[in-house]
Amino acid sequence: MPYDLVIRGGTVVDGSGAPRFRADVAVADGAIAAVGRVPDRGRRELDADGHVVTPGFIDGHTHMDAQIFWDQLGSCSCYHGVTSVVMGNCGFTIAPCREEDAELVIRNLERAEDISRDAMLAGIKWSWETFPEFLDTLDALPKGINYAGYIGHSALRNYVMGERGFTEAPTDDELQTMCDAVQEAVRAGAMGFSTSRTPNHVTADDRPVASRAASWDEVRAIVHAMGRTGRGIFEIAQENTGRDPEAIRAYHERIRDLAVESGVPLTWGMFASRFAPDRWRPFMDLLDETAEAGGRMFAQVHSRPLNTLLSFKTQLPFDRWDTWRDIRALPLEEQQRALRDPDTRAKLVEVANGPAPGGKIVGVEARPPDYDHLYIMDDMRGEDRLLRDVAAERGMDPVDLMIELSLQKNLGQFFRQPAANEDQDAVLELMQHPRSVVTFSDSGAHVSQIMDSSLQTHVLAHWVREKEALTLEEAVRQLSFNNASHWGMFDRGLVRAGMNADLLVFDPETVAPAMPEVVNDLPAGAKRLKQVANGIKNTIVNGEVFLEDNEHTGATAGRLFRGIA
């Protein structure tokens, strides 16, 4: 019997970190059937000469819980080699939830994760209440890539406590109901339980999301209940301990002890920051300390600066300021006309150089400009020039230059202001830590604020090809096998016989993220940032060719991954 697919003559980088080798890869029944010289023909053959063949990449930190209902592709992660994602991070899920209580779930997601309320109302079709029922719904959806998901604390609190979940402690019976629901969820295949305790996560009316109303005792009780099943991972968006060493240490001891006592693997994200450049080191030391104490803990790290993207088509630092607020409320064509009026433009520049208005700014929402870290973004190489430096060369005010450059590109000019990971030496050190995984795209969230779904192709273009700080073998292992191992996806992440046939064929000399663009393709016409990649010839999911040069073939072979026992 012929193979379903044979990838011919590629250079295999198998995900293990072992040296590359030239081989054919044969696929049958959704799995890798042979790696080496394959004399038999396939029903379909792909020519990989001059390309590398790798496992599909795995992203452990996404928020596609709503998007999966209107986007079969899993964009934009799918364009950057990602074939499996874990969603439901930071306590944000849309299950468990009764349809009549959907407003509570939407309230948690709308601002904290920048997911359009109108898109969710138009795009999500409720057919579940419990988390196991939600998993069954996901199982039945046509999917281009593979999905796994946590049960989220905010949805769980609102499911059990209703509106009170935003403000109150549960009764003993309610807490037991939450513990039972998490046990039921992980037994049905949830990846684990997630929560948020960060002040960055607020509702549209500036209230904490539901999980932030929980005491540590509540979190601890739920994680211990999950631990008694022998299943699941605990993911936490961390508390803001400030810079007080005693507060940091107390928090470290709490999460260390929880990992050790519950037996549950614990994971969180870590970025470096110019505002506290040494804060990340004690957190990374905690990983080893926890392992020495008998627990398991790993950090999720990024591959580049966490950039807030700015443009007239999305968000600007001045959107809430007087005069700007009125102009920004206009359709784009009318904004352009206003910006070309000398008097209006002069007024906008004057206001932008005045004091910033009050009001809470959280996460990666646009904040007042920091001209020491505000860049003109013309390509994805990360070597952009500071707006203030170019303005000085031209004898212009930086705000006036921002307007001028935007008008030259029909308001499509991007600027970027890093919110974290400014120090690239620190980023590389975080990536190379033995207890970190390179992930955290937030794909599906912050859809008009950031575009980090391309972190995988950034690793290949920047850290491998341009900086030569990682070998291709090291990078592929970080993006595939490492992530698969930490999330218990033991059937993928390697190009080996018997593994899932999630595979990539790409040109290592050209693979790179393309520039983002603004599109209005969400339900109800809501906008988002979209970004594809160059250099990826084929993306194969469960043995079927899913993308060819960023174009969907029509295949929907993606599956729901149910968490390990």
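Now for a quick tour of the structure. From a predicted model like this one, the values you see are computed outputs, not experimental measurements.

Analysis parameters
- Residues numbered from 1 in each chain as written.
- Predicted model: local features only at pLDDT ≥ 70, side-chain atom pairs only at ≥ 80, totals over all residues.
- Heavy atoms only, no water.
- Salt bridge = Lys/Arg side-chain N within 4 Å of Asp/Glu carboxyl O.
- Helix = DSSP H or I, 4+ residues; strand = E, 2+ residues; numbered from the N terminus.
- Pairing = 2+ DSSP bridges.
- Axes fitted to C-alpha atoms, helices over the stretch in contact; angles between N-to-C directions.
- Core = buried A, V, L, I, M, F, W, Y, C linked by side-chain atoms within 4.5 Å.
- Buried < 20%, exposed > 50% of the residue type's maximum accessible area, 1.4 Å probe, protein only.
- Contact = heavy atoms within 4.5 Å.
- Parallel < 35°, antiparallel > 145°, perpendicular 65-115°, else oblique.
- Left-handed = near helix turned anticlockwise from the far one by under 90°.
- Nonpolar A, V, L, I, M, F, W, Y, C, P; charged D, E, K, R; others polar.
- Phe/Tyr/Trp six-rings, centres within 6.5 Å; stacked < 30°, edge-to-face > 60°.
- Lys NZ or Arg CZ within 6 Å of the ring centre and 35° of its normal.
- Expected span 1.5 Å × (residues − 1).
- Polar contact = N/O pair within 3.5 Å; in protein donor to acceptor, adjacent residues only side chain to side chain.
- Disulfide = S-S within 2.5 Å.

Moving on: the pattern of salt bridges. The final tally for this structure, using the stated rule, is 48 salt bridges. Across the salt bridge formed by Glu473 and Arg20, the nearest N and O atoms sit 2.7 Å from each other. Of the two residues, Glu473 is situated in helix α16 (residues 472-479) and Arg20 in the loop between β1 (3-12) and β2 (21-28); the sequence distance between them amounts to 453 residues. Two residues, Glu168 and Arg164, come together in a salt bridge whose shortest N-O distance is 2.7 Å.

Turning to the sheet that holds strand β14 (residues 306-310), a few remarks are in order. With antiparallel pairing, the 3 strands of this open sheet are ordered in space as β14-β16-β15. Edge positions in the sheet fall to β14 and β15 (375-377), since each of these pairs with one other strand and no more. When strand polarity is set aside, the average angle formed by the axes of neighbouring strands in this sheet is 45°. Summarising the sheet, β14 and strand β16 (residues 414-420) pair through 5 bridges and their orientation is antiparallel. Pairing of Leu306 across the sheet is with Ala420, part of β16.

In this structure, Ile94, Leu156, Phe193, Phe234, Leu266, Trp268 and Phe506 are the most contacted members of the largest nonpolar core, which totals 110 residues. Ranked by residue count, the leading element in this core is helix α5 (residues 172-188), at 7 residues. For Phe506, the residues in contact, after removing those within four places along its chain, are His51, Val52, Thr54, Phe57, Leu460, Leu472, Val511, Gly535, Ile536 and Lys537.

It is the contact of helix α15 (residues 455-466) with α16, at a shortest axis distance of 10 Å, that shows an interaxial angle of 160°. Here α15 is positioned roughly antiparallel relative to α16, judged by the angle of their axes. Read as a crossing pair, α15 and α16 show a hand that is right-handed. Counted together, Gln456, Val459, Leu460 and Val464 of α15 and Leu472, Ala475 and Leu479 of α16 form the full contact between these two elements. Grouping the amino acids of the contact of α15 with α16 by side-chain chemistry returns 6 nonpolar, 1 polar and no charged.

Moving on: the pairing of β14. Among the 5 residues that make up β14, 5 are buried, leaving the element largely enclosed by the rest of the structure. Where burial is concerned, the two faces of β14 agree: the one with Leu306, Thr308 and Leu310 and the one with Asn307 and Leu309 are both buried.

Strands sit in the order β6-β7-β8 across an open sheet of 3 strands; the sheet is parallel. Across the chains shown, the open sheet's two edge strands, defined by having one partner strand only, are β6 (57-59) and β8 (146-149). If you compare each strand with its neighbour and ignore which way they point, the axes differ by 15° on average.

It is worth spelling out unusual backbone geometry at this point. In this chain, Ser75 is followed by Cys76 through a cis amide linkage whose omega measures 5°. Within the secondary structure layout, Cys76 lies in the loop between β6 and β7 (82-87). Following Ala95, the chain continues to Pro96 via a peptide bond in cis, the omega torsion being 0°. Mapped onto the elements of the fold, Pro96 is located in the loop between β7 and α1 (102-110). Unlike most non-glycine residues, Asp29 shows phi in positive territory, near 55°. Considering the arrangement of structural elements, one finds Asp29 in the loop between β2 and β3 (31-36). Despite not being glycine, Ala524 has its phi angle at roughly 65°, a positive value. With respect to the helices and strands, the residue Ala524 is situated in the loop between β20 (517-519) and β21 (528-530).

Within the secondary structure, His153 is located in helix α4 (residues 153-161). Beyond its immediate chain neighbours, meaning those up to four positions away, His153 contacts Gly91, Phe193, Ser194, Thr195, Ser211, Ala214, Glu218, Val219 and Ile222.

In this section: the packing of aromatic side chains. Counted by the stated rule, this structure contains 12 aromatic pairs. Ring geometry for Phe131 against Phe134: centres 5.6 Å apart, planes inclined by 55°, an arrangement best described as tilted. Residue Phe131 and its partner Phe134 are located together in helix α3 (residues 131-140), separated by 3 residues, close to a single helical turn. In terms of burial, Phe131 and Phe134 fall into one category: buried. Ring geometry for Phe271 and Phe440: centres 5.2 Å apart, planes at 85°, overall edge-to-face. Here Phe440 lies in the loop between β17 (436-438) and α15 and Phe271 lies in the loop between β12 (266-269) and α8 (280-293), a separation of 169 residues in the sequence. Among the aromatic residues, those joined into a cluster by ring pairs are Phe69, Trp126, Trp128, Phe131 and Phe134. The ring centre of Trp216 lies 4.9 Å from the NZ or CZ of Arg254, which sits over that ring.

Where α3 meets α5, the axes come as close as 8 Å, and the angle between the chain directions of the two elements is 30°. When the interaxial angle is binned, α3 and α5 end up roughly parallel. Facing α3, whose interface residues are Phe131, Pro132 and Leu135, α5 presents Glu184, Ala185 and Ala188.

Looking now at α8. The end-to-end C-alpha distance of α8 is 20 Å, a good match for the 20 Å that 14 residues give at a rise of 1.5 Å each. Within α8, burial applies to Trp280, Phe283, Met284, Leu286, Leu287 and Thr290. Packed against the buried residues of α8 are α7 (245-262), β12, β13 (297-301), α14 (424-432) and β17. Just downstream of α8, Gly294 is the residue with a positive phi angle, here 100°.

Bringing the pairing of β8 into the picture now. Residue alternation in β8 divides its side chains into two sets, Asn146 and Ala148 and Tyr147 and Gly149, and both sets are buried. Taken together, the 4 bridges between β7 and β8 define a ladder with parallel strand orientation. Residue pairing in the sheet places Val86 in a bridge with Ala148 of β8.

Let us now look at α14. For α14, the full list of buried residues reads Ala426, Val427, Leu428, Leu430 and Met431. Of the surrounding secondary structure, the elements contacted by the buried residues of α14 are α8, β13, β17, α15 and α16. Residue Asp423 occupies the N-cap position of α14, its side-chain oxygen lying 2.9 Å from the main-chain nitrogen of Asp425.

Below, the discussion takes up the state of the cysteines. According to the stated counting rule, one finds 0 disulfides in the structure shown. Among the cysteines around Cys78, which has no disulfide bond, Cys76 carries the closest sulfur, lying 7.1 Å off. In this model Cys179 remains outside any disulfide bridge; the closest cysteine sulfur is found in Cys97, 20 Å from its own. In this structure Cys179 comes out as buried when scored by relative accessible area, which is 6%.

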